[in-house]
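Below are the chains, spelled out letter by letter.
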Amino acid sequence: MTPVPASTVVAYRDDGPLSRGMGALVAGQLPPLPPLIAGAFVTGILLVIGVGGANGLAVFAPAVTLLLAGPGSSAPHDGRLDWLCPPILRVIEYAFVASCGFGHGVHPVLIFMLLGAMAFHHYDLVYRIRQRVYPPPWLTTFGLGWDGRMIAVSLAVLVSLPTAGFALLATYLWLLFGWESVTCWLAAPRSGVEATDLGTQD
């Protein structure tokens, strides 16, 4: 089992390697919320004016969000309103995936499969942290993070293979998150008493 980080708000963000790398560059010196709000605003505009148009402006939303929200990933998130960062990131990610899918003719089943995989992962993450069972660090790397998943969808649209991209990404994420979640919970202590005993033995 992996210990829960000091700031659960940071854990809820579900940052991928790119976002964490940008955060390392500023070493936690950038407040996370203001640039994230700006990123959400710009992303919303891009989705409204470009998701289904020939100009395809929406595909640049991941880059904009990453540039604005990524550096804040290393911040302690101890501000009064910093708890808003994870839900804002969820709204950006889900809205981008849904908008790209519906705007480029992806079958609704594939769209909901991909959204369902992400929602399952985020629900599992929240419940684990409440139970003091945190997923291994490699899961955020192989799970791509919110930034990597958005970029993957954007690339699928850019190469004119949105349906194949959605299908492959949804299948990959369901297999990864489903397998890791099942194996983790099977290995977790079955009761609070057992968990206490394990902690005492350590």
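The paragraphs below set out a description of the structure included in this document. No experiment lies behind these values; they were computed from the predicted model shown.

So, how was this worked out
- Residues numbered from 1 in each chain as written.
- Predicted model: local features only at pLDDT ≥ 70, side-chain atom pairs only at ≥ 80, totals over all residues.
- Heavy atoms only, no water.
- Salt bridge = Lys/Arg side-chain N within 4 Å of Asp/Glu carboxyl O.
- Helix = DSSP H or I, 4+ residues; strand = E, 2+ residues; numbered from the N terminus.
- Buried < 20%, exposed > 50% of the residue type's maximum accessible area, 1.4 Å probe, protein only.
- Core = buried A, V, L, I, M, F, W, Y, C linked by side-chain atoms within 4.5 Å.
- Contact = heavy atoms within 4.5 Å.
- Patch = residues over 30% accessible without salt bridge, like charges linked within 9 Å, V, L, I, M, F, W, Y side chains within 5 Å.
- Areas by Shrake-Rupley, 256 points an atom, 1.4 Å probe, with all protein chains shown as cover.

Turning our eyes to something else, we now look at the pattern of salt bridges. Opposite charge on two side chains allows them to pair when their charged atoms are near. If you walk through the whole model with that rule in mind, you get six salt bridges. One salt bridge connects Arg90 with Glu93, and the closest N-O pair in it is separated by 3.9 Å. On the criterion of helical spacing, the pair formed by Arg90 and Glu93 is a turn pair, its members being three residues apart in helix α5 (residues 85-103). Take Arg90 and Glu93: they sit in the same class, and that class is buried. When the shortest N-O distance is used, the salt bridge between Arg128 and Glu180 registers 2.4 Å. On the criterion of sequence distance, the pair formed by Arg128 in helix α6 (residues 108-130) and Glu180 in helix α9 (residues 162-187) is long-range, its members being 52 residues apart.

In terms of nonpolar packing, the biggest core is built from 36 residues, with Leu36, Phe96, Val97, Leu114, Val153, Phe166 and Leu173 touching the most fellow members. Elements represented by at least two residues in this core include exactly α3 (33-50), α4 (61-69), α5, α6, α8 (145-158) and α9. A total of eight residues in this core trace back to one element, the largest contributor, which is α5. In this view, Leu173 contacts Leu114, Ala117, Met118, Gly143, Arg149 and Gly178; residues no more than four positions away in its chain are not counted.

To continue, consider a nonpolar patch on the surface. Nonpolar side chains collect at one region of the surface, where Phe41, Val42, Ile45, Val48 and Ile49 lie side by side and expose about 480 Å² of accessible area between them. Turning to its location among the elements, Phe41 is positioned in helix α3.

Looking at where Ser160 falls in the secondary structure, it is placed in the loop between α8 and α9. For Ser160, a relative accessible area of 58% translates into the label exposed. Each C-alpha atom, one on Ser160 and one on His104, is 9.0 Å from the other, the two residues being 56 residues apart in sequence.

Remember, this is a structural readout, not a statement about activity or role.
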